[in-house]
Amino acid sequence: MASVNLEIMKETIEEQIDLRDYLRVILKQRWIITAFFAIVVIVVAIYVLTATPVYKATTRLIIEKENPNVVSIEEVMAVDASGTDYYQTQYKIIESRLVAREVIKRLRLDQSEEFCPPPKDAVISLLKTDKLSKETQEYEQDSDLVSDFISRIEVSPIRNSRLVDISFEAKDPVLAFKIANTLASAYIDQNLEIKLVAAKDAMEWLNKRVYDERIKVEKAEQALLRYKEENRIITDFSSDVEHVSAQKLAQLNTQVVEAQSKRVEAETRFKQAAALIGHSDMLDSVPEVLNNELIRQIKSMEVNLYQRMSEFSKKYGKNHPQMVAIDSELKTLQKRKSQEVNSVINSLKNEYKVALAREKSLKDALSKQKQELLDLNEKAIQYGVLRREVESAQNIYEMLIKRFKETSLSENMKTGNIRIIDKAEVPKGPVKPKKRLSIILAMIVGLFGGTGLAFFVEYLDNTIKTPDDLKQYLNIPDLGPVPLFVAENRGNPKDRTSDLIALHSPRSTASESYRGIRTNILFSTAESVPQVILISSSGPREGKTITAANVAITMAQAGSKIVILDCDMRRPEIHNLFGATRDRGMSNILVGIDNIGEIIQSTKIPNLDVITSGPIPPNPSEMLGSKRMESLINALRKKYNHILIDSPPVTAVTDALVLSKSADGVIMVIRTGDTARQIVKNGMDQLNNVGAHIIGAVLNGIDLSSNKYSYCYYQYYRYYYGEDGEKKKPTGKKRKKRSKTRCGEQA
């Protein structure tokens, strides 16, 4: 059952809070809101009315994107304004301690009473002087002065422009005007000083570098000259020289190829002819022999001789002189032909040797040309290295000379990229304090702060205040609220009969509340009307006894026969409410001294009897949980329609838990705005653990004046009936008077 209740509570908590709950909190905590609002507004008003006026003077500068210098010296004075980092740096320079000290020095602000007021307490000043050295004091004073000065500077860049406003706040308008203009001038001078110092440092560095680079140039030129003398280089290596050398190498290579072809051809012809020596008939196949004019003539002459020999051989004999002469002439021709063939072969041999010698000569020339070209390349590489060293040294030297001249010119320049556009003027009115705005803001802060504080106080208040709290946090029915009411004519503290408001003021709001509670009790269960009802509370002084008495009266007035049992044997109060005696009561019958008829006391209210507690016993819990108590309840059930049991608080002792077993239902009385939710929940958990049936809860002691929106029913009731039962609307004084009432309390 407890887990089911927990789930229901979680679902209830997740419900959206009604706007009326916020309004109820505001109305309830209106005095906190009002007090907080008044305190904030009064404090701010006192401050703004008594604060010393502060004046602000503003100077407008322009920070150019491009540097307006006559000479461009990128490495020395270039202004890189392409990004925001340059402007952010300039803003920080304006607020730097260096610029601040310069302004303080120029205007002698260390002697100004606004920045260095005389010490108020001479004794404290003297003690500080004794403890600190003079040097330390001067340092601390200067540091504090600079920090105070910087805290008054305001740098405001103008969006989408290169303009910036420099403002300064001071109590003296003339002083603010002077400081704003001096601050701008000091910043511009400091900016130029930084650049000129950089130029001076650059000149010193350039002067040293120029001297070093001149020495390097001289050394490089001397190394190049020595190399040219050692390698007999007259002209510089150029692409034309390399081209001519390459062309010559290509020509020699072509000639070598041609010479090789001719040598191979000559060698072939010579070897072919030499191979046919001794074969005269085969020599004619050699082209050179075949094409030889002399050999061709000899062959022609041989043909003629052979023809003549053929003719003479027919006429003459073999030994005929003419035949012999022809034969001799043929031999002579053959000999000459053989000599001529040998001459041709020798000619071929000579051609071969010439071709071979030419080939060798061209190959030697080609090899020599290759070596010369390789040597030339090696010399050109080393020459180029030395030449580049000379040129590099000369370029660096010339560049440094140029930069040196430009830097020397920049030392005399007094222009920069920062200028004053609008100088500051003496402010006509103060900027602080802004009285109207401060008071308006104070009212807003006071209102919202007070409201927040009210809700915070309400959040810290974990008591049960409304019927919605019963549903949200405890998940039990609300049987009805009971407002605060007046208990008049109380002379004797022990005589509390005046708290029976249902008897003395039946037309009052409280009486109507008790009647509503009676009705809710009777209809609390669908099966049957609860007969034995235990009325208890989580803690003491929550009004359970008065609630039990008044509910009993309303039931008796409705015609039911009622009996009230005072089972609070530790602090009994029922006998004081009804003017009865407690000499004989519950304790007597539970120990067996008296019977039921002897302890029941009648009251002046028809149908209502009471049984007081009797003498206080040492062991109430054991007595209330005894068999005799159970027998007493069963006997009273036969005689009365309803039995109301007044018990001690649940969390204080176990009496209520013991009695809950004999009751048909339990009613929890909760004092509104006084009982913590956790205490009530602990009491309910204890009752649930013993199986008690909780009918619902009664919210007691409700202040109608502070809960109008939660309990408007009672306002309507009072409007129609009034406290005396007449139809009228209470006046303001009566309403205020009746709100100052007290709900009956149980000790």
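Since this is a predicted model, take the numbers as computed values, not measurements.

Caption draft 1: Quick peek at the sheet that holds strand β11 (residues 665-671). The strand order β5-β12-β11-β6-β10-β7-β9-β8 describes an open sheet built from 8 strands, whose pairing is mixed. Two strands in the sheet have a free side with no partner beyond their single neighbour: β5 (478-483) and β8 (601-602). Pairing of strand β7 (residues 562-566) with strand β10 (residues 642-646), which is carried by 5 bridges, proceeds in the parallel orientation. Within β10, the residue paired with Asp566 across the bridge is Asp646.

Caption draft 2: The pattern of salt bridges, seen in detail. Counted according to the given criterion, the structure contains 17 salt bridges. Residues Asp189 and Arg106 are paired through a salt bridge, measuring 3.0 Å at the closest nitrogen-oxygen approach. Of this pair, Asp189 sits in helix α9 (residues 173-230) while Arg106 is found in helix α6 (residues 97-107), placing the two residues 83 residues apart along the sequence. Residue classification places Asp189 among the partly exposed positions, given a relative accessible area of 37%. Judged by relative accessible area, which is 37%, Arg106 ranks as partly exposed. Between Asp685 and Lys681 there is a salt bridge whose closest N-O contact spans 3.4 Å. Highlighted residues: Asp685 and Lys681, both in helix α26 (residues 677-689), separated by 4 residues, approximately one helical turn. The exposure class assigned to Asp685 is partly exposed, which follows from its relative accessible area of 29%. A relative accessible area of 27% places Lys681 in the partly exposed class.

Caption draft 3: Examining the sheet that holds strand β1 (residues 55-63) more closely. Ordered by their spatial adjacency, 4 strands build an open sheet running β2-β3-β1-β4, and the pairing between neighbours is antiparallel. Every other strand in the sheet has two partners, leaving β2 (153-157) and β4 (418-422) as the edge strands with one partner each. The mean angle between the axes of side-by-side strands here comes to 30 degrees, regardless of whether they run parallel or antiparallel. For β1 and strand β3 (residues 163-170), the ladder comprises 8 bridges, and the chain directions are antiparallel. The partner of Tyr55 across the bridge, within β3, is Ala170.

Caption draft 4: Structural detail: the nonpolar core. Leu565, Met586, Met629 and Ile645 are the most contacted members of the largest nonpolar core, which has 42 residues in total. The residues touching Met629, leaving out its near neighbours within four places in the chain, are Leu565, Cys567, Met586, Leu590, Met623, Leu624 and Leu659.

Caption draft 5: Fine view of the packing of helix α18 (residues 509-522) against helix α19 (residues 544-557). The contact between α18 and α19 brings their axes to 9 Å, and the two run at 75 degrees. By the angle class used here, α18 and α19 are roughly perpendicular. The residues of α19 that touch α18, namely those facing Tyr514, Arg515, Ile517, Arg518 and Ile521, are Ile546, Thr547, Asn550, Val551, Thr554 and Met555.

Caption draft 6: Inspection of the pairing of strand β6 (residues 532-537) at higher detail. In terms of residue burial, β6 counts as a mostly covered element, since 6 of its 6 residues are buried. Where burial is concerned, the two faces of β6 agree: the one with Val532, Leu534 and Ser536 and the one with Ile533, Ile535 and Ser537 are both buried. Both β6 and β10 contribute to a ladder of 4 bridges, which runs parallel. Counterpart to Val532 in the pairing with β10 is Ile643. In this structure, β6 lies alongside β11, joined through 5 bridges in parallel fashion. Of the residues in β11, the one forming a bridge with Ser536 is Met668.

Caption draft 7: The arrangement of the packing of helix α3 (residues 30-50) against helix α15 (residues 435-460) in detail. It is the contact of α3 with α15, at a shortest axis distance of 8 Å, that shows an interaxial angle of 155 degrees. By the angle class used here, α3 and α15 are roughly antiparallel. As for how α3 packs across α15, the hand of that crossing is right-handed. Within the contact of α3 with α15, the residues separate by chemical class into 17 nonpolar, 5 polar and 1 charged.

Parameters at a glance
- Residues numbered from 1 in each chain as written.
- Predicted model: local features only at pLDDT ≥ 70, side-chain atom pairs only at ≥ 80, totals over all residues.
- Heavy atoms only, no water.
- Pairing = 2+ DSSP bridges.
- Helix = DSSP H or I, 4+ residues; strand = E, 2+ residues; numbered from the N terminus.
- Salt bridge = Lys/Arg side-chain N within 4 Å of Asp/Glu carboxyl O.
- Buried < 20%, exposed > 50% of the residue type's maximum accessible area, 1.4 Å probe, protein only.
- Axes fitted to C-alpha atoms, helices over the stretch in contact; angles between N-to-C directions.
- Core = buried A, V, L, I, M, F, W, Y, C linked by side-chain atoms within 4.5 Å.
- Contact = heavy atoms within 4.5 Å.
- Parallel < 35°, antiparallel > 145°, perpendicular 65-115°, else oblique.
- Left-handed = near helix turned anticlockwise from the far one by under 90°.
- Nonpolar A, V, L, I, M, F, W, Y, C, P; charged D, E, K, R; others polar.

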